[in-house]
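# Architecture and fold: a report
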Amino acid sequence: MPATTSVQIPPDPCDGPLKILALDLGTKTGWAVSLPDRTITSGIAEFKNDRWQGGGMRFLRFKQWLTEVKQMAGGLDAVFIEEVRRHAGVDAAHVYGGFLAHVTAWCEHHAIPYEAVPVGTIKRHATGKGNANKEAMIEAARKRGFAPADDNEADALAILDWAMANRGGGSDQ
């Protein structure tokens, strides 16, 4: 079962915060969701294949998981994704590309707007440094009152915070 974190943020005088899903895509996907009651829930979802599964099974499970998150949230107003331009290895690049293709197609199918946010933009927003390391991202999430399980969840929380601050999600940060 994936680890999750839930935090209630103070009420905002703006009406109606958006229901936003933020994703740090990968085999170990970090995610964070903001709900209209100002609750933020986050966690990690793993999409590893075992040796008995075909290569596409991780993506089918990912698509099913996206639908479950949408249902849990009572619908989504927008999805924000970390935009990665470089990967350390070919396998990581292929996996990221597969997840990106599936989430964008899923958003198109469900008529949910989506946006990819560059890694440097997210890191700069969270820490003040566009090249912050994993530990700095985790520490930034902790300073905002969260307890991320790892850097994937911390990145998703930073993407969500950026989206709320910059795309009308109702955050005052």
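Per chain, the residues get numbers from 1 upward, laid out in the order the sequence is written. Local features in a predicted model are, by the rule used here, given only for residues with pLDDT of at least 70; side-chain atom pairs are given and counted only at 80 or more, and totals for whole chains, interfaces and linings are based on all residues. Excluded from the side-chain calculation are hydrogens and water; included are all heavy atoms of the structure.

For the rest of this paragraph, the subject is the packing of aromatic side chains. Pairing of aromatic side chains here covers Phe, Tyr and the six-membered ring of Trp, requires ring centres within 6.5 Å, and sorts the geometry by plane angle: under 30 degrees stacked, over 60 edge-to-face, intermediate tilted. If you walk through the whole model with that rule in mind, you get 8 aromatic pairs. The interplanar angle of 70 degrees and the centroid separation of 5.7 Å between the aromatic rings of Phe47 and Trp65 together place this pair among those described as edge-to-face. A residue pair is termed long-range when its members are at least 10 positions apart, and Phe47 in the loop between strand E4 (39-46) and helix H1 (57-73) and Trp65 in helix H1 qualify at 18 residues. Relative accessible area serves as the criterion here: at 4%, Phe47 is assigned to the buried category. Here the aromatic rings of Phe62 and Phe99 are separated by 4.8 Å at their centres, their planes lie at 70 degrees, and the arrangement is edge-to-face. Taken together, the positions of Phe62 in helix H1 and Phe99 in helix H2 (residues 90-109) put the pair 37 residues apart, joining distant regions of the chain. Just as Phe62 is buried, Phe99 falls in that class too. Put simply, the rings of Trp31, Phe47, Phe59, Phe62, Trp65 and Phe99 touch in pairs and so form one group of aromatic residues. Labels follow the DSSP assignment, with helices taken as runs of H or I lasting at least four residues and strands as runs of E lasting at least two, numbered in each case from the N terminus. Remark: exposure states derive from per-residue accessible area (1.4 Å probe, protein chains only) relative to the maximum for the residue type, with buried under 20%, exposed over 50%, and partly exposed in between.

Bringing the nonpolar core into the picture now. Counting 24 residues, the largest nonpolar core has Leu21, Leu23, Phe62, Trp65, Val79 and Val103 as its most contacted members. Secondary structure elements with two or more residues in this core: strand E2 (20-24), strand E3 (28-34), H1, strand E5 (78-83) and H2. Leave out the neighbours within four places in its chain, and Phe62 touches Leu23, Leu25, Phe47, Phe99, His102 and Val103. Put simply, buried Ala, Val, Leu, Ile, Met, Phe, Trp, Tyr and Cys residues joined by side-chain atoms within 4.5 Å make one nonpolar core. In this structure, Ala132, Ile138, Phe146 and Ala154 belong to the second largest nonpolar core, which totals 22 residues. Residues are treated as being in contact if the distance between any of their heavy atoms lies within 4.5 Å.

Taken as a whole, the largest pocket holds about 520 Å³ of empty space. A 1.4 Å probe that fits but cannot get out identifies a cavity on a 1 Å grid over protein atoms alone, an open set with protein on both sides within 12 Å along at least five of seven lines counts as a pocket, and a residue lines either if it has an atom within 4 Å of a point. The wall of the largest pocket is formed by 20 residues, among which Asp24, Leu25, Glu82, Val84 and His87 lie closest to the centre. We call Asp, Glu, Lys and Arg charged. Ala, Val, Leu, Ile, Met, Phe, Trp, Tyr, Cys and Pro are nonpolar, and the rest, Gly among them, are polar. Its residues assigned to classes, the lining of the largest pocket comprises 7 nonpolar, 4 polar and 9 charged. Grid points are joined across faces, edges and corners, and a volume is the space filled by probe spheres set on the points.

This part covers the environment of Gly74. Mapped onto the secondary structure, Gly74 falls in the loop between H1 and E5. Residue Gly74 is classed as exposed on the basis of its relative accessible area of 53%.

Here an angle of 0 to 180 degrees is reported between the N-to-C directions of two axes, which are lines fitted to C-alpha atoms, with helices fitted over the stretch in contact. Contact geometry for H1 and H2: axes closest at 10 Å, N-to-C directions at 40 degrees. One element, H1, and the other, H2, form an angle in the oblique class. Helix-helix and strand crossings are classified by hand; for H1 and H2 the assignment is right-handed. When H1 is examined against H2, the residues Arg58, Phe59, Phe62, Lys63, Leu66, Thr67 and Lys70 are found in contact with a partner set consisting of Val95, Gly98, Phe99, His102, Val103 and Trp106. The cut-offs work like this: below 35 degrees is roughly parallel, past 145 is roughly antiparallel, 65 to 115 is roughly perpendicular, and the gaps in between are oblique. Each helix crossing is assigned a hand: it is left-handed if the near helix lies turned anticlockwise from the far helix by less than a right angle, otherwise right-handed if that turn is clockwise.

Salt bridges are defined as contacts in which a side-chain nitrogen from Lys or Arg sits within 4 Å of a carboxyl oxygen from Asp or Glu. What the rule picks out here adds up to 5 salt bridges. Between Asp150 and Lys28 there is a salt bridge; the shortest N-O distance is 3.3 Å. Placement of the pair is Asp150 in the loop between helix H4 (134-143) and helix H5 (151-166) and Lys28 in strand E3, with a sequence separation of 122 residues. Lys28 gets classed as partly exposed once you look at its relative accessible area, which sits at 36%.

Mapped onto the elements of the fold, Thr39 is located in strand E4. A residue is classified by how much of its surface remains accessible, and Thr39, at 12% relative accessible area, is buried. A polar contact is formed between the side chain of Thr39 and the side chain of Asp37, at a distance of 2.8 Å. Whenever two N or O atoms come within 3.5 Å, that pair is a polar contact, provided that in protein one can donate a hydrogen and the other can accept it, and provided that, for residues adjacent in sequence, both atoms are side-chain atoms.

A few words now on the confidence of the model for the protein. Per-residue confidence for the protein gives a mean pLDDT of 88; residues scoring 70 or more make up 87%. Confidence of the predictor at the level of single residues is given by pLDDT, which spans 0 to 100. For residues 4-15, every residue scores under 50 in pLDDT, and the model assigns this stretch 29 contacts once sequence neighbours within four places are set aside.

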